[in-house]
Amino acid sequence: MELTHFDESGKAIMVDVTEKQDTEREAVAVGKITVSQAVYDAVEQGTVGKGDVLGVATTAGIMGAKRTSELIPMCHILPITSCRIRFEKNPRELAFYCYCTVKVTGKTGVEMEALTGVSIALLTVYDMCKALDKSMEIGEIYLQRKTGGKSGVVENRKKSDGGSL
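Residues numbered from 1 in each chain as written. Predicted model: local features only at pLDDT ≥ 70, side-chain atom pairs only at ≥ 80, totals over all residues. Heavy atoms only, no water.

Colleague: Hey, could you run me through the environment of Ala 42 in this one?
Modeller: Tracing the sequence through the fold places Ala 42 in helix 1 (residues 37-45). In this structure the C-alpha to C-alpha distance between Ala 42 and Ala 60, which are 18 residues apart in sequence, comes to 20 Å. Those residues within four positions of Ala 42 in sequence are excluded, and the remaining contacts are Thr 47, Val 48 and Leu 132. (Helix = DSSP H or I, 4+ residues; strand = E, 2+ residues; numbered from the N terminus. Contact = heavy atoms within 4.5 Å.)

Written as structure tokens, this is what we have:
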């Protein structure tokens with residue numbers, strides 16, 4: 001597979017998508033944050049001093065997805081048509097799984113937007129809870145599924161994601 005973000009002399013470029021056809025595209029990214037029992041309980045009970053952790057993280061994740069092109073130099077600015085952040089609680093692992101689903105009708109996909117949305121949402125959980133515990137771990141961020149474009153449907157199922165969309 002040829003890398004498309006470089007010109008003939010090896011310099012970084014933004015890919016020219018002018019001739020590509022608009023298609024409906026969707027991407028789902030997943031990540032998780034593992035926390036202490038105290039943090040898990042505080043989030044679950046709504047007693048974190050900074051407010052509704054998962055509600056604020058949801059808003060932050062959507063905002064992050066919308067601003068991806070400002071953060072990643074070669075990303076195209078996309079007219080996102082939908083962005084949804086969803087959290088799943090896993091008390092056995094003391095973890096919160098975050099799912100970000102982003103949709104667009106356009107010439108290029110929204111994988112980076114979904115990955116950015118998950119990352120920003122999880123960083124927000126960390127920020128809001130760090131007074132309780134600074135040893136939280138963010139990880140296992142990956143693209144779970146994408147549709148549309150030349151490559152069609154791509155799925156990447158990991159056993160760590162709880163197996164749901």
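Colleague: Hey, could you run me through the pairing of strand 3 (residues 95-106) in this one?
Modeller: For a regular strand, the rule is simple: side chains alternate between the two faces of the sheet. Of all 12 residues making up strand 3, nine are buried, and the element is well covered by its neighbours. Summarising the sheet, strand 1 (residues 23-34) and strand 3 pair through 12 bridges and their orientation is antiparallel. If you follow Glu 26 over to strand 3, its bridge partner there is Lys 103. For strand 2 (residues 82-90) and strand 3, the ladder comprises nine bridges, and the chain directions are antiparallel. Within strand 3, the position partnered with Cys 83 by the bridge is Val 102. Count of turn residues in the strand 2/strand 3 antiparallel hairpin: four residues, of which Leu 94 carries a positive phi of about 55°. (Buried < 20%, exposed > 50% of the residue type's maximum accessible area, 1.4 Å probe, protein only. Pairing = 2+ DSSP bridges.)

Colleague: Before we go on, may I ask you to explain a nonpolar patch on the surface in this structure?
Modeller: A cluster of nonpolar residues, Leu 123, Ile 138 and Ile 141, forms a patch on the protein surface that exposes about 230 Å² of accessible area. Its location among the elements puts Ile 138 in strand 4 (residues 137-147). (Patch = residues over 30% accessible without salt bridge, like charges linked within 9 Å, V, L, I, M, F, W, Y side chains within 5 Å. Areas by Shrake-Rupley, 256 points an atom, 1.4 Å probe, with all protein chains shown as cover. Salt bridge = Lys/Arg side-chain N within 4 Å of Asp/Glu carboxyl O.)

Colleague: Could you clarify how one ought to interpret helix 1 in this entry?
Modeller: Helical geometry: 3.6 residues make up each α-helical turn, so side chains three or four residues apart lie on a common side. Listing the buried residues of helix 1 in full gives Val 39, Tyr 40, Ala 42 and Val 43. Seen end-on, helix 1 carries its buried residues on one side only, within an arc spanning 165°. Looking at the buried residues of helix 1, the elements they touch are helix 2 (53-66), strand 2, strand 3 and helix 4 (111-129). Gly 46 lies just past helix 1 and shows a positive phi near 70°. (Arc of directions from axis to C-beta.)

Colleague: I tried to follow the state of the cysteines on my own but got confused; where do I start?
Modeller: Between two cysteines, a covalent bond joining their sulfur atoms is known as a disulfide. All chains considered together, the criterion is met by zero disulfides. No disulfide involves Cys 83; its sulfur sits 3.9 Å from that of Cys 100, the nearest cysteine. Between Cys 129, a cysteine without a disulfide, and Cys 98, which holds the nearest cysteine sulfur, the sulfur-to-sulfur distance is 14 Å. (Disulfide = S-S within 2.5 Å.)

Colleague: How should the packing of aromatic side chains be read in this particular structure?
Modeller: Any pair of aromatic rings gets described here by the distance separating the centres and the angle formed by the planes. Taken as a whole and assessed by the stated rule, the structure comprises one aromatic pair. Geometrically, the ring pair formed by Tyr 40 and Phe 96 is stacked, given 4.8 Å between the ring centres and 15° between the ring planes. On the criterion of sequence distance, the pair formed by Tyr 40 in helix 1 and Phe 96 in strand 3 is long-range, its members being 56 residues apart. Residues Tyr 40 and Phe 96 agree in their burial class; the two are buried. Taking the ring centre of Tyr 99 as reference, the NZ or CZ of Arg 86 above it sits at 4.4 Å. (Phe/Tyr/Trp six-rings, centres within 6.5 Å; stacked < 30°, edge-to-face > 60°. Lys NZ or Arg CZ within 6 Å of the ring centre and 35° of its normal.)

Colleague: Sorry if this is basic, but what is going on with helix 2 here?
Modeller: Spanning 14 residues, helix 2 covers 20 Å between terminal C-alpha atoms, matching the ideal 20 Å at 1.5 Å per step. All buried positions along helix 2 are accounted for by Val 53, Leu 54, Ala 57, Ala 60, Gly 61, Gly 64 and Ala 65. One side of helix 2 holds all its buried residues, which, seen down the axis, span an arc of 135°. Among the structural elements, helix 1, helix 3 (68-71), strand 2, strand 3 and helix 4 are those in contact with the buried residues of helix 2. (Expected span 1.5 Å × (residues − 1).)

Colleague: So what exactly am I meant to see when it comes to the packing of helix 2 against helix 4 here?
Modeller: In a packed pair of helices, the relevant descriptors are the angle between the two axes and the axis-to-axis distance. Their axes nearest at 7 Å, the elements helix 2 and helix 4 cross at an angle of 145°. Like other packed secondary-structure pairs, helix 2 and helix 4 cross with a definite hand, here right-handed. The residues of helix 4 that touch helix 2, namely those facing Val 53, Leu 54, Val 56, Ala 57, Ala 60, Gly 61, Gly 64 and Ala 65, are Glu 113, Thr 116, Gly 117, Ile 120, Ala 121, Thr 124, Val 125, Met 128 and Cys 129. Of the residues in the contact of helix 2 with helix 4, the class split is 11 nonpolar, five polar and one charged. (Axes fitted to C-alpha atoms, helices over the stretch in contact; angles between N-to-C directions. Left-handed = near helix turned anticlockwise from the far one by under 90°. Nonpolar A, V, L, I, M, F, W, Y, C, P; charged D, E, K, R; others polar.)

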